[in-house]
Amino acid sequence: MEKLRKSLTTFLVPLLSILLAFLIGAIIMAGLGANPLTAMYALFKGAFGTSASVGTTLNKAVPLIFTSLCACFAYKCGVYNLGGEGQFLMGATTGFCVVHCLGLTGLPGILAALVTGTIAGGIWGMLPGILKITRGLNEMIISIMLNYVATLFMGVIYTSWIRDANMPQTPSVDDSLKLGRVISDMRFTWALIIALAVGLILYYFLYWTSSGFKLRAVGLNMTASRFNGFPVKRYILISFIVSGAIAGLGGASDLLGTQYRLINGYGSGYGFDGVAIALIGQLHPIATIIVAIFFAALRVGSTSMQVSTGVPTSVSDIIQALVIVFSVAGMALTKLPEFEAFRLRLFSKKGKEEVNA
Amino acid sequence: MSISFVTNLILAAIRMAVPLLFIALAELYSERAGMVNIGLEGLATVGALAGFMLTYLTGNTWLGILCGALAGILINMIYAYATVTLCANHTVYGMAINLLAPALASFIYRVYFGEGSSLMQITLMQGIGIPVLKDIPFLGTLLFNQTPMVYLAVALVIFTGIFFGKSKAGLNYKAVGEYPKAAATLGIPVIRTKYLSCVICGALAGIGGAYLTTCYSTTYTEGIVSGRGFIALAAVIFGRWTGGGVLLACLFFGFCDALQIRLQVLNIGIPYQFFQMIPYVATILVLTVVGSRKAGPQANGKPYRKEER
Amino acid sequence: MEELLRMEHISKQFAGFYANRDICLTVNRGEVLTLLGENGAGKSTLMNILIGLYQPTEGKIFFKGKEERIESPGQAVRLGIGMVHQHFMLVEAMTVFENIILGDKNSGGIFIDRDARRAEIEALAGRYGLDVELDKLITEISVGAQQRVEILKALYHGAELLILDEPSAALTDIEVEGLFAIIQKLTEEGKSIISISHKMREVLRISDRITVLRAGEVVTTVKRNETDAQKLANLMIGHELAGSQYEKKTKSDGQTVLKLNEVKYHEHSKHNGLAGVSIEVKAGEIVGIAGVDGNGQTQLAQVVTGVISPEQGALEIKGEKISVSDPSAFIGRNVSHVPEDRNLQGLIGDMPISDNLILKLTDSAQFSRGKGMFLKKKEIRSYAENLTEKYDIRCTSVEQDVRSLSGGNQQKVILARELESEPELLVAAHPTRGLDIGATRFVHDQMIAARDRGVGILLISADFDEILEMSDRILVMFEGQIMGEFSGENPPVEEISLAMTGR
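Residues numbered from 1 in each chain as written. Chains lettered and ligands numbered in written order. Predicted model: local features only at pLDDT ≥ 70, side-chain atom pairs only at ≥ 80, totals over all residues. Heavy atoms only, no water.

Trainee: Outline the pattern of salt bridges, listing residues and values.
Mentor: All names here are of chain C. In this structure the tally under the stated criterion is 40 salt bridges over all chains. Put simply, Glu-399 and Arg-381 hold a salt bridge, and the shortest N to O gap is 2.7 Å. Of this pair, Glu-399 sits in the loop between helix 13 (377-390) and helix 14 (407-420) while Arg-381 sits in helix 13, and the two are 18 residues apart along the sequence. Assessed through its relative accessible area of 14%, Glu-399 is described here as buried. Members of the salt-bridge network, linked through shared partners, are Glu-2, Arg-29, Lys-64 and Glu-160. (Salt bridge = Lys/Arg side-chain N within 4 Å of Asp/Glu carboxyl O. Helix = DSSP H or I, 4+ residues; strand = E, 2+ residues; numbered from the N terminus. Buried < 20%, exposed > 50% of the residue type's maximum accessible area, 1.4 Å probe, protein only.)

Trainee: Go over the sheet that holds strand 14 (residues 312-317) of chain C, please, and point to the residues and values.
Mentor: Residue and element names in this part refer to chain C. In space, the four strands of this open sheet follow the order 12-11-14-15, with antiparallel pairing throughout. Two strands lie at the open edges of the sheet, namely strand 12 (274-282) and strand 15 (320-321), each paired on one side alone. Where strand 11 (residues 256-265) and strand 12 come together, seven bridges link them in antiparallel fashion. Residue pairing across strands places Val-263 opposite Val-277, the latter belonging to strand 12. (Pairing = 2+ DSSP bridges.)

Trainee: Residue-level account of the interface of chain B and chain C, with values.
Mentor: Taken together, the contact between chain B and chain C spans 22 residues of the former and 32 residues of the latter. Where chain B abuts chain C, roughly 2200 Å² becomes buried across the two surfaces, and 63% of that area is made up of carbon and sulfur atoms. The interface formed by chain B and chain C contains zero salt bridges. Put simply, chain B and chain C have five residue pairs in polar contact (both at pLDDT 80 or more) between them. (Contact = heavy atoms within 4.5 Å. Buried area = accessible area lost by both parts, 1.4 Å probe. Polar contact = N/O pair within 3.5 Å; in protein donor to acceptor, adjacent residues only side chain to side chain.)

Trainee: Let's hear about the pairing of strand 1 (residues 3-14) of chain C: which residues, and what values?
Mentor: Residue and element names in this part refer to chain C. Examined bridge by bridge, strand 1 and strand 2 (residues 17-28) share eight bridges and lie antiparallel to one another. Residue pairing for strand 2: Ile-10 is matched across the bridge by Ile-23. Taken together, the five bridges between strand 1 and strand 4 (residues 58-63) define a ladder with antiparallel strand orientation. Opposite Glu-8, over in strand 4, you have Lys-60 as the bridge partner.

Trainee: Which residues make up the packing of aromatic side chains, and what values do they have?
Mentor: Throughout the structure, instances matching the rule amount to 33 aromatic pairs over all chains. Each member of the aromatic cluster is reached from another via a ring pair, and the members are Phe52(B), Tyr56(B), Tyr109(B), Tyr112(B), Phe113(B) and Tyr220(B). The side chain of Arg118(C) reaches across the aromatic face of Phe97(C), ending 6.0 Å from its centre. A cation over an aromatic ring shows up here: Lys377(C) above the ring of Trp208(A), its NZ or CZ 4.1 Å from the ring centre. (Phe/Tyr/Trp six-rings, centres within 6.5 Å; stacked < 30°, edge-to-face > 60°. Lys NZ or Arg CZ within 6 Å of the ring centre and 35° of its normal.)

Trainee: Explain the interface of chain A and chain B to me, using residue names and the numbers behind them.
Mentor: At the junction of the two partners, chain A supplies 50 residues and chain B supplies 47 residues. Between chain A and chain B, the buried area comes to about 4000 Å², and carbon and sulfur atoms account for 77% of it. Summed over the shared surface of chain A and chain B, the result is zero salt bridges. Here chain A is connected to chain B by seven residue pairs in polar contact (both at pLDDT 80 or more). Taken together, the elements giving at least two residues each to the side of chain A that touches chain B come down to helix 5 (106-135), helix 6 (139-161), helix 11 (270-280) and helix 13 (314-335) of chain A. At 15 residues, helix 6 of chain A tops the list of elements feeding residues into the side of chain A that touches chain B. Of the residues assigned to the side of chain A that touches chain B, the class counts are 36 nonpolar, nine polar and five charged. (Nonpolar A, V, L, I, M, F, W, Y, C, P; charged D, E, K, R; others polar.)

What follows is the structure in structure tokens.
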């Protein structure tokens, strides 16, 4: 009963937010002179219409799944890791440099790229963590600054150190390193399987293990966790490292799955998108994955929407932003005492029981 | 190094510092009322676009600045409603603004100027020299031959110092950020002050953004704010939540920025990105040295509920 | 005498229950009216209505003969009602001067005219004997001085009626005397005072009349010279104040479970430190630490549970010296802790009751496979359901978030968790603070039962009656030191009260 009530608000708020965001999106489309229904149809058809488009959508979802799981894990421990983008890029860059410079190919190369990418992301995530627990610094500012540093570092690689002739980009990774398709006539690759596996492992860890339980407790109340004997600082640092490592693994997987080379603009916005997705997914790893796929669908579909109806792709960006704007406000609303009173009045019979209890 | 190199460097530092200063002052006013707003980047982005468009349409940079301020206020009211009235988490909502505002800006730009349009250009605001003073060698060009926005920024810093240091209203305003419950028992309108702080924050951040398109770069490009909104957060911590401190912090970051551009031009064989990292790395180093524990308004970032029961 | 305030038939309802019901009271000019009542009797709610924080569900308020609707604290201030809250409403980062002029509406102008304001404040301070240093930061002055600042602030804002909430709670004895003198002076000058208190001595000292509240209603109003402590106590509690209902164990021959020897922590901080504390707790006894709040009790509780480390001195659990202070080290040695702030320190409010009950047990074989690798959720649920029954935790489901429970039920969750771990030492800090009589009784019964099972209990409480009721031995704490030890059987109440004030 209680569980039902809780999950109702958990599902209802994001769902209503999505509907509301689409409604506003439709109004914008109408304002631009397009038929919203046709445009929406084009959008969904573009994202899920054919097996090819489903594959594209899923591939597009891979980096978002990683960065949103990265944000999700840190939030669960009560810290704000806004550095998903930097950790993602450090993972991709390091993975690329390792296989490129060592000339690795085939499975050893793939493993090397994934492992070193994970480590690099973990280190990049560790920096704000260390500064937070030793110097009390605001982890948000530090992690954002590190995003810029990581982006610029990647720039150094593709403009100066490993440049592909006269183009400002690196050469592509060796063909033997590219992650293959899982099903031959679907476009999505093993990178998606890695992403889903990470999500499942996080779900298991957070909700079924003692350490995950404690990590969540630390995230909800650090003082009480300390009083009850949990090593709070250790958990915070670990959450930063793991969170960064997830993003780093994501960078390496995406590089080998779809991206293949480092190029200007790669990874831009993935970190903040990840935060938004994790929040809409109510910080639940499985829900987060679903929301990430939904966001990817909006992106993929918006291109075909633009082609067939002339509605610019940025409408889908606005819809995505509105989903987060509404869902966060909605969650806050349901926590207000006034809302609780309203809910009680609405279900007055049930309400009385609870009050009397 | 020649004198002109140094003058140019300092001039550039001031030019770089001014937008940052507006945005940082926006955050200062916000946090003094207990509102941590990390949506500055987004606010400045809409400010930049609004400033650009109005200037493009009317040719008047002042209208551009004004419109930038209005756009900033408009967007920040969403943040204000969610965080003050609905008690949403400040950080999370600031993030939401950072996603919404740039999406909105790029949508409007694309719809208005067309998807693949070549970069539109506007004329920048002209510098105004203060007679006599501007002819003082070295210092003259440095301090008295700038755009009015620079003078406005300096005036704002002075005003901020007086407001928080000497005025009754400023004292009451600070009390809201320190201990809202205590302020409320004395009849200080906490909710109204918090909303006011969001208006000021939106306006100043919008102006900071508009400065970028009307006084700094002649075009609007996506990502034009390029992290200034976040560096401004650091500047407030570094500047110890005071007007003067924030000014110094912004000059420091502006100097880092100016320096990296100069170093890039020198072309000494080091990839230019390493120089571009300077402001960001400097921010991290400065914060590490200064630390941020137990500083700033006590009730910063905490939701305020009227009847707690 | 002229009437200043009259409250008529005031009721306040919160989600189904009455915090105040049909309350009538009057305050005359120049008198001290005391509101006497236990925790939860409705005193704070009534005062929050008077200062405009809450709106009454029913009833009328007359101030200076005019009916007023007090809709905000600001309006209360304008009317001339000032409150000195128990937790001071002072901005720590500002000076005394700035705190006093905060929200000032007396003077015009944009800027602060420091000289003029200073002169006004100093005149006011001189008139009422309120000695304060205007240029000090709030953090730099003592609690007593902070209280004087609060009173001065209220007067500066034109208060004619001053509400003092537990005014002597955090004061030293000398400061209390000073406060009484100030109150005297205020009433002589025609100011009226409502004092909220449950301390009999203080009530009898300062009041002209006393209104007794019980369970949200007025029991009666009596004149000071027509009553005495026993009568008041009976009115307040509703029955005769009898001796302890529990059997005291004055001779414990159990093993020593806790031993502190000359433990020091922030030695020179009178209110937040320990200046050489030696305590012994044996198995099967309750050692009560009596004392006014803020004399180092918080630090004592945290030292003996490993939250903070002693700077000097030795700490032994069951004869074993503990060198590394960390809560987990103490939990591992079967030390349980009922912390003073249950929401902040004891519970994870946004987690279900069941999770809070097994908070420290997730690694155990009972609730997980492979040392915490896989939680047995069914076991956890049924365990939690058993405990909610055993400890009478009233909830709709064990999945319910702890935050949504009442204070009493939250405390029972903590108690259940801490007692079910079969501790050898239980440290309980203010275990019944803010609880109603039923819940208090339940907590006390459980603690006595634990004692009889052989648990050594260190009970820290600012509630003197609780100490007298529960303790087998009583130690009195004052400014970080132990002032004396007394037997819990027929305790010398007068002597202990004196020790609590430092004598």
